[in-house]
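These are the residues of each chain, in order.
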Amino acid sequence: MKITVKKISLTEASCDLLVVNLFENVKSPGGGTGAVDKALDNLISDYIIKKEGFKGKLNEMYVLPTHGKIPADKILLVGLGKSEEFNPGKIREVSSKVIKKAGSLKAKTVCTILHGAGTAGLEAFECARALTEGAIIGNYDFDKYKSKKDDKEDKKKIETLQIIEIEESKLDDIQQGVEKGRIIALATNIARDLIYEPACEATPTRLAEAAQSINGIECKVLEKDEVEKMGMRLYLAVSRGSAEPPKFIHMKYTPQGECRKKVAIVGKGVTFDSGGLDLKPPSAMRMMKEDMSGSAAAIGIMNAIAGLKPDVEVHGIIAACENMPGSRAYKPGDVIKAMNGKTVEIDNTDAEGRLTLADAIHYAENQGVEEIIDIATLTGACVVALGQLASGIMGNDREFVNALVDSAEKGGERFWQLPLYDEFKDDIKSDVADMKNAGGRYAGASTAGIFLKEFVSKAKWAHIDIAGTAYIDKEIKEMPKGATGSGVRAIVNYILSL
Ligand code: BES
Ligand code: MN
Ligand code: ZN
């Protein structure tokens, strides 16, 4: 789907489907929708609103033919909800739902009014960005393994989405908003693609290939012997039970001119989590191909960064491996020394993510970064606490965590802070080592967080637990069900805010 901008009036736009909008309880539309209403002899105000009772509630839709009164073949009238509650988030949501509707109407060419830029008075740039993000996220579909043609044919037919704007002065801003929205949404979809791939395809090796193929990003992949030499024993312990070779992936973006900050994104890349010898039951194991969603986000983020070129040095770091119960597998009770010298007693081989992250976080800090964001499908406890509506966030610096929460919200995501009280350290005390890798039944997301904190020394650090948000059972606002690419939009926004 191409997204373009055109200076023309809505009543002159020629397409299969023309999208216009209405705020809740508006009886006689103004602006672009008003112009279309007039051209259709008041069909919208006299018939759809008055007779059919169209209210303009958020995402409410009505499709009507134009009978040749204007060049567009059909009109899709969409409700924007209450004008006082309107914001870019609503634009993303409406845009996502409109594009799905356009797909089901088999429209090939869609023209749209720019929601929000009229009476709502939002900046054209923000509106165009939100509209683009919603459309690209809503139009996404993972069907590469479906062989039946007709399964595919109904969808993905939209060739162009054209944003119609009559005011010359807004065109540049709109174009730039489209460009930014496109880069961020496509990066989100790159993460979704990787998450959808089955574990037999998205192996550590394939993740490394995906990381190495990003234009404008340097990428180094460390093999097992190098990782061994560097002393990342926690990470290697997790990978030992699998025949699949581990790959330690280090992506780096260097800004051309000034460098405002050095940041590392550390993504959990367990390409399949069987639980190891502490094997998961079938129902819990079923979706564990998603256990590399943090690394998918890191790869998506680096893609966006390569396109957006911020004045920030960004590292993307992934200790990729599988967690399997093979005959060389690490065992409960094993004591293993981390790269930073601390010893860990293995309490549960299913608490593997924090082990891979511990060494990766230490490695990241050795790169001289000031801020580390780790992102991981880390705990079922986080899903119990927050469900699928918010990712958990913890960290060692309140301002840093708040800035991330803020960037998430602006980007259409939700981060919710969970505590990292010092007392949680008692829960991971070991009789034989510096700590163990799992706490008890209480506050599982926080005890995982407090474990990770042991591997950060001076850097500002935040940990984002996306176990509940990486793969959702039903749609949430603009995001359809399935893999979401959670973390990409939030973290890209954060980096841009520096
Ligand atoms: N990958 C899982 C966490 C997870 C659960 C991700 C649900 C996505 C959806 C993680 O490695 C895990 O198994 N965590 C254990 C930790 C426990 C053994 C301390 C958990 O949460 O049960
Ligand atoms: Mn696990
Ligand atoms: Zn896991």
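In this convention, every chain numbers its residues from 1, walking through the sequence in written order. Whichever chain is written first is A, and whichever ligand is written first is 1; the rest continue in order. pLDDT decides what is reported in this predicted model: residues at 70 or higher carry local features, side-chain atom pairs at 80 or more are listed and counted, and totals for whole chains, interfaces and linings draw on all residues regardless. The side-chain figures draw on all heavy atoms in the structure; neither hydrogens nor water molecules are used.

### Some remarks on the environment of A298
Starting at the N terminus, helices and strands are each numbered in turn, a helix being any DSSP run of H or I of at least four residues and a strand any DSSP run of E of at least two. Checked against the element boundaries, A298 lands in helix α11 (residues 293-308). Relative accessible area serves as the criterion here: at 0%, A298 is assigned to the buried category. In this structure the C-alpha to C-alpha distance between A298 and I317, which are 19 residues apart in sequence, comes to 7.4 Å. What A298 contacts, discounting residues up to four positions off in sequence, is M251, I265, G267 and I318. Burial classes: relative accessible area under 20% of the type maximum marks a residue as buried, over 50% as exposed, and values in between as partly exposed (1.4 Å probe, protein chains only). Throughout, a contact is declared for two residues whenever any of their heavy atoms are within 4.5 Å.

### With respect to the nonpolar core
Here the nonpolar core consists of buried residues drawn from Ala, Val, Leu, Ile, Met, Phe, Trp, Tyr and Cys, with membership extended through side-chain atoms lying within 4.5 Å. Ranked by internal contacts, the top residues of the largest apolar core, which has 55 residues, are M251, I265, I373 and I495. It is α11 that provides the largest number of residues to this core, a total of 10 residues. Throughout, the edges of the domains are those of an automatic or database domain assignment. When residues are assigned to domains, this core turns out to be shared by domain 1 (2-184) and domain 2 (197-497), each giving three or more. Ignoring sequence-local partners within four residues, the contact set of I373 consists of V263, A264, I265, V266, F400, L404, A462, I464, I491 and Y494. Grouped together as the second largest cluster of nonpolar side chains are 49 residues, A237, I361, F424 and I450 included.

### Focus on the sheet that holds strand β3 (residues 61-65)
Note: two strands are recorded as paired if DSSP finds a minimum of 2 bridges between them. Taken in spatial order, the 6 strands of this open sheet run β1-β6-β5-β2-β4-β3, and their pairing is mixed. Each of the sheet's edge strands pairs with one partner strand only, and the pair in question is β1 (2-7) and β3. Averaged over all pairs of adjacent strands, the angle between strand axes in this sheet comes to 25°, irrespective of strand direction. Structural elements are reduced to axes, namely lines fitted to C-alpha atoms, with helices fitted over the stretch in contact, and the angle between N-to-C directions of any two is expressed from 0 to 180 degrees. Each of β1 and β6 (160-165) is contacted by helix α6 (residues 171-196), which is oriented at about 175° to β1, the strand it contacts most.

### Remarks on the domain arrangement of the protein
Along its sequence, the protein is organised into domain 1 (2-184) and domain 2 (197-497). Between the C-alpha centres of domain 1 and domain 2 there is a distance of 38 Å. Between domain 1 and domain 2, the contact holds 16 residues from the first and 20 residues from the second. What counts as buried area is the accessible surface, traced by a 1.4 Å probe, that two parts surrender upon association, with contributions from both included. Contact between domain 1 and domain 2 buries roughly 1400 Å² in total, counting both sides, with carbon and sulfur atoms accounting for 58%. Its largest share of buried area at the contact with domain 2, domain 1 owes to R92, I137 and I184, together 37% of the area lost on that side. Salt bridge criterion: a side-chain nitrogen from Lys or Arg within 4 Å of a carboxyl oxygen from Asp or Glu. Between domain 1 and domain 2 we count 3 salt bridges in total. Under this definition, polar contacts are N or O atom pairs within 3.5 Å; protein pairs additionally need one hydrogen-donor-capable and one acceptor-capable atom, and for neighbouring residues in sequence, both atoms have to be side-chain atoms. Inspection of the region where domain 1 meets domain 2 yields 6 residue pairs in polar contact (both at pLDDT 80 or more). Every element with two or more residues in the side of domain 1 that touches domain 2 is listed here: α3 (88-104), α4 (124-138) and α6. The leading source of residues in the side of domain 1 that touches domain 2 is α3, at 6 residues. Under this grouping Gly is polar, as are all residues other than the nonpolar Ala, Val, Leu, Ile, Met, Phe, Trp, Tyr, Cys and Pro and the charged Asp, Glu, Lys and Arg. Of the residues that constitute the side of domain 1 that touches domain 2, the class distribution is 5 nonpolar, 3 polar and 8 charged.

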